[in-house]
Amino acid sequence: MTGDKRTGLPRLLDGILALLDKLSASPTIRKGTYLGALLFFVIIILIPPIIGILLKWSLISETLQNPPQMARAQSAILASFTIAFIVSFLDLLAGLPMAWLIVKRRGRWVSVIDTLADIPFIIPTVTLGYSVLTFWSEPNGISGLLDVEHLFSPGPILITLLHFAFSYPVIVRLMVGEFQGYNLVYETAARTLGAPTFTAFRTVTMSILKPAIIAAFLLAFSRSLSETGATAIVAGTFENGPIFIRNARSAGQEGPMVLVSSILIAVSVAIFAVIGLLGPCLRFPSKKVWTGLEWRLSRRNAAMVKDASTLIVFGLLVASPSLFVIFPSLAGLFDGTLQTALTGSGVWAPFWSSLVTSYVVALIAAFINVIIGFPMAVIIARRKLGTRFTALMDALVAVPVIIPSVALGVSLNIFWNAFGNLPEFWVLVLAHTTITYTYFARPMAAAIQGISEELEDVGRTLGSRPFGTFRKIVLPLTKYSIFSSAVMVLTRSVGETGATVAVVKRLQTAPVLLVDWITHPEIYGPSTVGLGVLFLVLMASVSLLAIRLTLRRG
Amino acid sequence: MTEVRVVNLTKRYGRIVALDRVSIDIHDGEYVAIIGPSGCGKTTFIKCLAGIVTPTEGEVYFDGKLMNGLPPEERGIGYVFQEIALFPHMDVWDNVIYGPRVRGWPRDRTRRTARELLDLTKLVTREDAYPRELSGGARQKTGVARALASGSNLIFFDEPLGALDAKVRVELRYEIRNLVRDLGLTAIHITHDQEEALSIADRVVVMKTGRFVEVGTPYELYTHPRTIFAANFVGEANFLEGTVVKASEKGSTVECGGGIVLESSETSRSEGEKVVVAVRPEFASMGKGHGEEGIHGYVETWDFEGSTARCEVTLPEYGLFAVRVAYVQGGPAFDVGDEVVLRVPPGSVLLYPYPSEGLQRELDLEGKG
Amino acid sequence: MPEIRLIEVSKRFGRIEAIDDISLEIKNGEYLCVLGPTGSGKTTLLRLIAGLLRPDEGEIFMDERRVNELPAEERDVAYMPQQYALFPHMTVLGNVAFGPLSRGKDPAEASRTALDMLKLVRLHERADALPSELSGGMQQRVALARSLASGAKLMLLDEPLGALDARLRVELRYRLKSMVKNLGLTAIHVTHDQREAMIVADRIVVLRAGRSEQIGTPFHIYQRPENLFVANFVGDTNFLDGTVSKADSTGSYVELRGGLNVRVQETSFLTGERVILTIRQELTSVKAYGWESVNALPGTVLAVRFLGDYLRIEIRLMNGDEVGAEVPLTNINTYPKIGEEVVVSFKPLDVSVYTTPPRGLAKEIEVA
């Protein structure tokens, strides 16, 4: 058989592919790959955060017997969960109509709103924290405008406003996806049966989308619990869980730090387990119908009022606070700070090196998670280990997201240092890899599930070995998902503050450095901070663009 | 009872014309079926009538009242969707009473109506079941019961039987028909299955690329279709090309190549006109022999169908001609290779003007022509 | 020498017995139909033969070789699922050439084979189109070409015509069969449509709840259904419930509800036995009121259904039983009217007798 004129690299590549093909035919090798991915997940990702804390049990029991520390710890933990609950509930209330608006209304302005709504999600939370701080509590922001100096000064209210802003896009994005995938025929059926739009939505759509609504709530909840850096910026002297841990760490109080971490971990897992298990039993009230009222609510004017108030809430509480950072940033661009920044002199040298650290860690984390997370996604999507085990795996894969990242960092630090002193950098990498694991594995599993198994079946009967089927059928159809999920991992890692703070003392990532700058306004002026924030935002915008483009195509 | 009047209904999606100025009057209590290939616009049509899709032009009247601009919840209709779309979080009972409930009916009227319908559809034992626990047929019946429960007089069926097995489809279509008749409703039923339409409708509309090609009773459409497309779509037909050699008030004589001459009772074509001849396989009779009058050929294939057999006869210099005969007990009456004589009664020889764009385009069953 | 042999094959999913002890032999070049209602295990059977599933019990042989453990990619089969599963990201040509390429042919030769197959299904001019740009009928043809191009000798077709419009289905089934036969392939064609199976099959396997109810030629299954399920599933049949009242050397009398009597040619049932009578609807005639013959049951016309080339007349007999009669359109001079009193008649020779099943008739013939 002649005609094969390929030489050199392409020939080598062909050879490697052919080898992989042959290897994949062996069921032992396939099982080995899946087992390997599974073991990596369990041993490297799942176990350390849980075991780490337990290693310091003695410290925990010590602290439990110290009343003043206990009191402070308790109020911090209570604050965390209270704020998280309130914020998640309010975000659902505000986010659902927004998601509905984005999906239902037509016009170019809708995609503008859509992109704006994503911003608080993509930009590192630290920059959001600074923006919120300046918007609400600085003299040239709302406080100055309304002359209400103490209402919006750093403290619980400001924290709530911040958390509301950054959990909002989480809910909107999830629900937009759900509404788009939702088969409208159910609502149409309800309407042909005589139900006005509001009734149809309340009695049919909401119940069908209940799992998604619960998932959205939980996601917003975990984000609020977890966030450290931005919260530190707007907290002032107030303490929630992550702030407490941060303060304890810098004060060298290991006992309280470990205690609060373990409580945060335990209670988060418990709440998620309870809601996850009880969720299916929860029923939205759909039996009673108030015909008169609901017809009025379905009228066009009611819809307009709803849309208007949704947009006002969005504009005032989410978009403006997020974008306000433009002002100090612009100031930094035009008053000479830019030149200093670009030469890397003075405070800027550590800034640039922290940015490099951030992205190097993020890229390594992304790389590891793609390689190891993919087989895991296949296991879940194709139920390779049986239905019940798959459901368990699906739940376990969510654990790194459920646990507040700062607590996770504390635990990981203990665990990995129990084996001798690992260099800080690698503990940091491990921490970021753990936190972002779910951000790749879960969406990837969903994407693979979306590909009909029949395509693979046909491929096989046509003579293609498992690896060949994967390469020629599954991969091309999921490449957009792979890319966008990898970008999600990158973004999340770059924005992370809590785990970083818990794990490293000398190394600095960009957001952690920025928190330092922002909380020391006497050293770092607004132009410097503004410019630093701008650079971070610009880098993040590149990611946003990348996701938008692939989402549109995929 | 609801009377429906549709005037020049048009729907455009950009440059695609899904509905092209269709008009029809549907009487009180009439059961109208609309058939056509996938994508011909039949679903768009009933969605416009139901208010789910807004037409670009044209008017829709129910009982003389203009429906344009009214949303589905204000039109007082029942609609059975192709996917059925039973509410997954409600059991059969709750699904069926949904309509009365959202319309604010009093409790006992709601219960009575639901009971009655569940009785009629024989679903009483499945009242507490959830949609995922039901068989295809039971789901389908629940969808119908739900649509009928809200007391509308006008019901739309959108390929209601599509997802079901062949046997179940046949049983269920009569159940639906009887139910609609017993309740005295007007119904519009769309389907791609012409046998389904023929067996239950009072009138059948044949659609192609957004237009109503032909409207008639099942009998008319089957025995004397007025268009080639309908002749081919509503059942099988043999198509021959020929020229009219003689035309009188008593009938015409058509000569098709290969020495085939057919007598038709049609009088509307003129001498010398190029025509297309259509003959349904079941109206041709076949007998052994080679000397008698008729069309001569020999048996090419013989397919047992159950109660009938379908035979393809090769007509020399012409091609294949399909014949369907009632199956004779005791074994095949004809063997492959047998010489046979075909005869077609003049009443079953249908003539059409030769289409300007060629015969093949007219015959395209996917309606792309 | 049979090409495929299944010996006491069973497959379970959890506690559900999807395939229950099936034995089957398929000859080279045969066109076999697996006929049965949804959920009867037809697709599972196909997937077992394809190698996408392993049997829990029993053995599968292909050309005398035991293939239970042989993976799908090494079996010489072409599998066509119901929704075709065309690779959405590949062109028509890419789809059809996938098989030859996977089996090791070089790209040029694979493309040539692919184009040949596309010519066969008359789609070579759409070789560069994507599946999403094609109509249902065209997609079906591409799926077919893809199966043919793989060079496999065994075609496994899962409801190949199921996704098509009714009229198209009728048109394409003849073409499908002749294409397979002309290429000398063996085919297993799964369907729930008995009319389709009747027309295309050399032999039919009737499946219900994982078990094979009857195997035979279409003619054989139609004329001699082995049980009530097959009698109902294939063709249109009337069922009458009765008890044997008298038996003699040439036949028996069966008494129905309300004292109606039917003469049959069966002699193997004993007096007093409860039986079910079956008569094909096309062998049931409707005569004018007052007609006399061996079996003449009076009744009233319930409905007249026009089915194209024949009418189905539904009649309620005097005793409440309902029957149907199929009459070719050409045999009708005047339509019977609803409510008209008529006589239902059929020959004793045309009646089949079965023992009444313990679960009752309805459960026995239940399809949905």
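Residues numbered from 1 in each chain as written. Chains lettered and ligands numbered in written order. Predicted model: local features only at pLDDT ≥ 70, side-chain atom pairs only at ≥ 80, totals over all residues.

> Looking at this structure, how should I read the overall build of chain C?
A tally of helices and strands in chain C yields 9 helices and 20 strands. With the C-alpha coordinates aligned to their principal axes, the bounding extent of chain C is approximately 75 × 45 × 35 Å. (Helix = DSSP H or I, 4+ residues; strand = E, 2+ residues; numbered from the N terminus.)

> Just to check I follow, could you spell out the overall build of chain A for this structure?
Looking only at helices and strands, one finds 28 helices and 0 strands in chain A. Relative to a compact globule of 554 residues, whose C-alpha radius of gyration would be 24 Å, chain A shows 25 Å and is just as compact. In terms of overall dimensions, chain A has a C-alpha envelope of 80 × 70 × 55 Å along the principal axes. A sequence separation of at least 24 residues applies to 82% of the contacts in chain A between residues at least 6 apart. (Rg over C-alpha atoms; globule rule 2.2 N^0.38 Å. Contact = placed C-beta atoms within 7 Å.)

> Would you mind showing me how to read the interface of chain C and chain B here?
Accessible area lost when the parts come together is the quantity often used to give the size of an interface. With 34 residues of chain C in contact, the opposing surface of chain B contributes 33 residues. Looking at which element gives the most residues to the side of chain C that touches chain B, the answer is helix H5 (residues 166–182) of chain C, with 5 residues.

> Hey, could you run me through helix H10 (residues 197–208) of chain A in this one?
Two residues of an α-helix separated by three or four positions point the same way, owing to the 3.6 residues in each turn. Between its first and last C-alpha atoms H10 of chain A spans 15 Å; for 12 residues at 1.5 Å apiece the expected length is 16 Å, and the two agree. Restricting attention to buried positions, one finds in H10 of chain A the residues Thr197, Thr199, Ala200, Thr203, Val204 and Thr205 of chain A. Here the buried residues of H10 of chain A occupy an arc of 155° about the axis, which is enough to place them on one side. Lining the buried residues of H10 of chain A we find helix H9 (185–192) and helix H15 (291–298) of chain A together with helix H2 (92–102) of chain B. (Expected span 1.5 Å × (residues − 1). Buried ≥ 20, exposed ≤ 12 C-beta atoms within 10 Å, placed from the backbone. Arc of directions from axis to C-beta.)

> Is there a simple way to think about unusual backbone geometry in this case?
Negative phi is the rule for most residues except glycine; trans is the rule for most peptide bonds. Even without being a glycine, Thr209 of chain B presents a positive backbone phi close to 40°. Phi at Glu8 of chain C is positive, roughly 45°, even though this residue is not glycine. Tracing the backbone shows Glu8 of chain C in strand S1 (residues 2–13). Since 12 C-beta atoms lie within 10 Å of it, Glu8 of chain C is described here as exposed.

> Hey, could you run me through the interface of chain A and chain C in this one?
Chain A puts 17 residues into the contact, and the matching count from chain C is 19 residues. Taken together, the elements giving at least two residues each to the side of chain A that touches chain C come down to helix H24 (453–461) and helix H25 (466–495) of chain A.

> Help me out: how do you make sense of the pairing of strand S2 (residues 16–26) of chain B in this one?
Successive residues of a regular strand alternate their side chains across the two faces of the sheet. Residues and elements named next belong to chain B. Taken together, the 7 bridges between strand S1 (residues 4–13) and S2 define a ladder with antiparallel strand orientation. Across the sheet, the residue bridging to Val6 is Ile24, located in S2. Counted between consecutive antiparallel strands, the loop separating S1 from S2 contains 2 residues, among which Gly14 sits at a positive phi close to 60°. (Pairing = 2+ DSSP bridges.)

> Explain the sheet that holds strand S18 (residues 319–326) of chain B here, please?
Residues and elements named next belong to chain B. Spatial ordering of the open sheet is given by S15-S19-S16-S17-S18, a layout of 5 strands whose pairing is antiparallel. The open sheet has two edge strands with one neighbour each: strand S15 (285–288) and S18. Shown here is a sheet whose adjacent strand axes are inclined to one another by a mean of 45°, direction ignored. Summarising the sheet, S15 and strand S19 (residues 339–343) pair through 4 bridges and their orientation is antiparallel. Bridge pairing in S19 links Met286 to Leu342. (Axes fitted to C-alpha atoms, helices over the stretch in contact; angles between N-to-C directions.)

> Explain the nonpolar core to me, please; I cannot follow it from the model alone.
The tendency in soluble globular proteins is for nonpolar side chains to be buried side by side. Phe156 of chain B together with Ile49, Val96, Leu156 and Leu277 of chain C are the most contacted members of the largest nonpolar core, which totals 362 residues. If near-sequence neighbours (up to four positions away) are discounted, Ile49 of chain C is found in contact with Ile4, Ile60, Val77, Leu156 and Ile188 of chain C. (Core = buried A, V, L, I, M, F, W, Y, C linked by C-beta atoms within 7 Å.)

> How should the confidence of the model for chain A be read in this particular structure?
Note that predicted coordinates carrying low pLDDT should not be read in detail. For chain A, the mean per-residue pLDDT works out to 86, and 97% of the residues sit at or above 70. Mean pLDDT across the secondary structure elements of chain A bottoms out at helix H7 (residues 142–146) of chain A, with 74, and peaks at H9 of chain A, with 93. (pLDDT = per-residue confidence, 0-100.)

> It is not clear to me how the pairing of S18 of chain B should be interpreted in this structure. Could you clarify?
All names here are of chain B. As paired strands, strand S17 (residues 308–315) and S18 are joined by 8 bridges and run antiparallel to one another. Paired with Glu312 across the strands is Ala322, a residue of S18. In sequence, S17 turns back onto S18 through a hairpin of 3 residues, with Glu317 there showing a positive phi of about 65°.

> Sorry if this is basic, but what is going on with the sheet that holds strand S9 (residues 203–208) of chain C here?
The pairing of strands in a sheet comes from backbone hydrogen bonds and takes either a parallel or an antiparallel form. All names here are of chain C. Taking strand neighbours across the sheet as the criterion, the 6 strands line up as S6-S7-S8-S3-S9-S10 in an open arrangement whose pairing is mixed. The outermost strands of the open sheet, each flanked by one partner alone, are strand S6 (77–80) and strand S10 (211–216). With direction set aside, neighbouring strand axes in the sheet form an average angle of 15°. Pairing analysis gives 5 bridges linking S9 to S10, with the strands arranged antiparallel. Counterpart to Leu207 in the pairing with S10 is Ser212.

> Sorry, what's going on with the confidence of the model for chain C here?
For chain C, mean pLDDT is 91; residues scoring 70 or higher make up 99% of the total. Quick note on the complex model: pTM equals 0.88, ipTM equals 0.87.

> I'm lost on the environment of Ala163 of chain B in this one. Help?
Along the chain, Ala163 of chain B falls in the loop between strand S7 (154–158) and helix H5 (166–182). As a C-alpha pair, Ala163 of chain B and Gln140 of chain B span 23 residues in sequence and 9.1 Å in three-dimensional space.

> Whenever I open this one, the environment of Tyr130 of chain B confuses me. Can you help?
Locating Tyr130 of chain B in the fold gives a position in the loop between helix H3 (107–120) and helix H4 (136–149). When the C-alpha positions of Tyr130 of chain B and Arg111 of chain B are compared, they lie 19 Å apart, and in sequence the two are 19 residues distant.

> What is the right way to read the domain arrangement of chain C from this model?
Per the domain assignment, the segments making up chain C are domain 1 (2–230) and domain 2 (236–361). For domain 1 of chain C and domain 2 of chain C, the distance between their C-alpha centroids amounts to 39 Å. (Domains from an automatic or database assignment.)

> What's the story with the packing of helix H3 (residues 107–120) of chain C against helix H4 (residues 136–149) of chain C in this structure? I'm lost.
All names here are of chain C. Close contact between H3 and H4 brings their axes to 9 Å; oriented N to C, the two are set at 135°. With respect to each other, H3 and H4 are oriented oblique. The two elements H3 and H4 cross, and the hand of that crossing is right-handed. The residues of H4 that touch H3, namely those facing Thr113, Ala114, Met117, Leu118 and Leu120, are Ala145, Leu148 and Ala149. (Parallel < 35°, antiparallel > 145°, perpendicular 65-115°, else oblique. Left-handed = near helix turned anticlockwise from the far one by under 90°.)

> Would you explain the packing of helix H19 (residues 348–381) of chain A against H25 of chain A in this entry?
The description of two helices packed together rests on the angle between their axes and the distance between the axes. Residues and elements named next belong to chain A. One way to put it is that H19 packs onto H25 with a least axis distance of 8 Å and a crossing angle of 140°. By the criterion of interaxial angle, the relationship of H19 to H25 is oblique. Judged by the sense of rotation from one axis to the other, the crossing of H19 with H25 is right-handed. Facing Ser358, Tyr359, Val361, Ala362, Leu363, Ala365, Ala366, Asn369 and Val370 of H19, the residues of H25 in contact are Ile482, Ala486, Val489, Leu490, Ser493 and Val494.

> Sorry, what's going on with the environment of Tyr289 of chain C here?
Here Tyr289 of chain C is to be found in the loop between strand S15 (285–288) and strand S16 (296–306). Once residues lying within four places of it in the same chain are set aside, the contact partners of Tyr289 of chain C are Glu341, Val342 and Val343 of chain C.

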